[in-house]
Amino acid sequence: MFCASFAVAQTDSKKLWISGKVKVLAGLEVVDPLDAFAEIEQLHKLELIDPLGRFRFDYLMPGDYKIKIHGLGYSTLDTLISIRKESVKDLQLLIVADCEVSRKMAELDIKNGKPNLLLIGGIAPVVYMDQYKFEEKYDIEYKDYGCTPPAQECVEQYNKRIFEHLDSRYGKSWRKKVRKDVIGLK
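In this report, the structure presented in the accompanying data block is examined. (Residues numbered from 1 in each chain as written. Predicted model: local features only at pLDDT ≥ 70, side-chain atom pairs only at ≥ 80, totals over all residues. Heavy atoms only, no water.)

Some thoughts on the nonpolar core
Counting residues in hydrophobic clusters, the biggest one holds 22 residues, and the most contacted among them are Leu 117, Phe 134 and Ile 162. At the level of elements, α1 (100-111), β11 (116-119), α2 (131-138) and α3 (152-170) are the ones that each hand at least two residues to this core. At five residues, α3 tops the list of elements feeding residues into this core. Those residues in contact with Phe 134, other than ones at most four positions away along the chain, are Leu 117, Ile 140, Tyr 142, Trp 174, Lys 177 and Val 178. Counting residues in each nonpolar core, the second largest holds 19 residues, with Val 22, Ile 40, Ile 83 and Val 88 among its members. (Core = buried A, V, L, I, M, F, W, Y, C linked by side-chain atoms within 4.5 Å. Buried < 20%, exposed > 50% of the residue type's maximum accessible area, 1.4 Å probe, protein only. Helix = DSSP H or I, 4+ residues; strand = E, 2+ residues; numbered from the N terminus. Contact = heavy atoms within 4.5 Å.)

Some words on the pattern of salt bridges
Oppositely charged side chains can form a pair if their charged atoms are brought close together. Evaluated as defined, the whole model comprises 10 salt bridges. Between Lys 68 and Glu 41 there is a salt bridge whose closest N-O contact spans 3.6 Å. In this pair, Lys 68 sits in strand β7 (residues 63-71) while Glu 41 sits in the loop between β4 (37-40) and β5 (45-48), placing the two residues 27 residues apart along the sequence. Look at Lys 68 and you get buried, because its relative accessible area is 19%. Of the charged contacts, one joins Arg 161 and Glu 164 as a salt bridge, the two residues approaching to 3.7 Å between their closest N and O atoms. With Arg 161 and Glu 164 both in helix α3, this residue pair falls three residues apart, about one helical turn. Take Glu 164: its relative accessible area is 30%, and that puts it in the partly exposed class. Taken together, the shared-partner salt bridges connect Arg 103, Glu 107, Arg 161 and Glu 164 into one network. (Salt bridge = Lys/Arg side-chain N within 4 Å of Asp/Glu carboxyl O.)

Some words on α3
Relative to the 27 Å expected for 19 residues at 1.5 Å per residue, α3 spans 26 Å between its end C-alpha atoms, a close match to the ideal helical length. Residues of α3 that are buried make contact with α1, β11 and α2. (Expected span 1.5 Å × (residues − 1).)

Considerations on the packing of α1 against α3
Think of two packed helices as two axes; the pair is described by the angle between the axes and how far apart they sit. Remark: α1 packs on α3, axes separated minimally by 8 Å, with the N-to-C direction vectors making an angle of 40°. Judged by the inter-axis angle, α1 sits oblique to α3. α3 is crossed by α1, and the crossing has right-handed handedness. Between α1 and α3, the contacting residues are Glu 100, Ser 102, Arg 103, Met 105, Ala 106, Glu 107, Asp 109 and Ile 110 on the first element and Cys 154, Gln 157, Tyr 158, Arg 161, Ile 162, Glu 164 and His 165 on the second. (Axes fitted to C-alpha atoms, helices over the stretch in contact; angles between N-to-C directions. Parallel < 35°, antiparallel > 145°, perpendicular 65-115°, else oblique. Left-handed = near helix turned anticlockwise from the far one by under 90°.)

As for the packing of aromatic side chains
Applying the stated criterion to the full structure yields five aromatic pairs. Geometrically, the ring pair formed by Phe 134 and Tyr 138 is tilted, given 4.7 Å between the ring centres and 45° between the ring planes. Highlighted residues: Phe 134 and Tyr 138, both in helix α2, separated by four residues, approximately one helical turn. Tyr 138 gets classed as buried once you look at its relative accessible area, which sits at 3%. A ring pair is formed by Tyr 138 and Tyr 170, whose centres lie 4.8 Å apart and whose planes are at 90°; its orientation type is edge-to-face. Highlighted residues: Tyr 138 in helix α2 and Tyr 170 in helix α3, separated in sequence by 32 residues. Within the aromatic cluster, the residues linked to one another by ring pairs are Phe 134, Tyr 138, Tyr 142 and Tyr 170. (Phe/Tyr/Trp six-rings, centres within 6.5 Å; stacked < 30°, edge-to-face > 60°.)

Shown next, in the form of structure tokens:
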């Protein structure tokens, strides 16, 4: 579920753009998205969303664009934006967290050869000396969200799919060597 609002900006038709900001409603809290990206579906154009939730697509032609936001624990429905003679600036998107997309994000990370094991640490990240050997051996990276994680349920669903991937690729022996603070591993 999402809400959208935006303003238009006068500009040269050769330099049209869409810029905006994303916020996530997680429970009763509105937070900035973490590790998210914006996509214009029909152009297969992706832009990372910065830590403050901002994104921008440049060099667009007049037309209709479907924008979708992807991230751990949320994914929007298509937001249809029309550009004619003016750019769209300050598009505001509010997304409701939905952990079902976490498994899809894990699938995408596996497909792209960049799977992670997610951790929720504190204000100072913990690093173990042997974790780099584990990461190299099992072709995976630990990712610590620190004290500003997505919902724990979303982290667990992501990790669950990664556990399945590791089990199918390496058997269960990896489980004896993995960090014990990986979320969802029992």
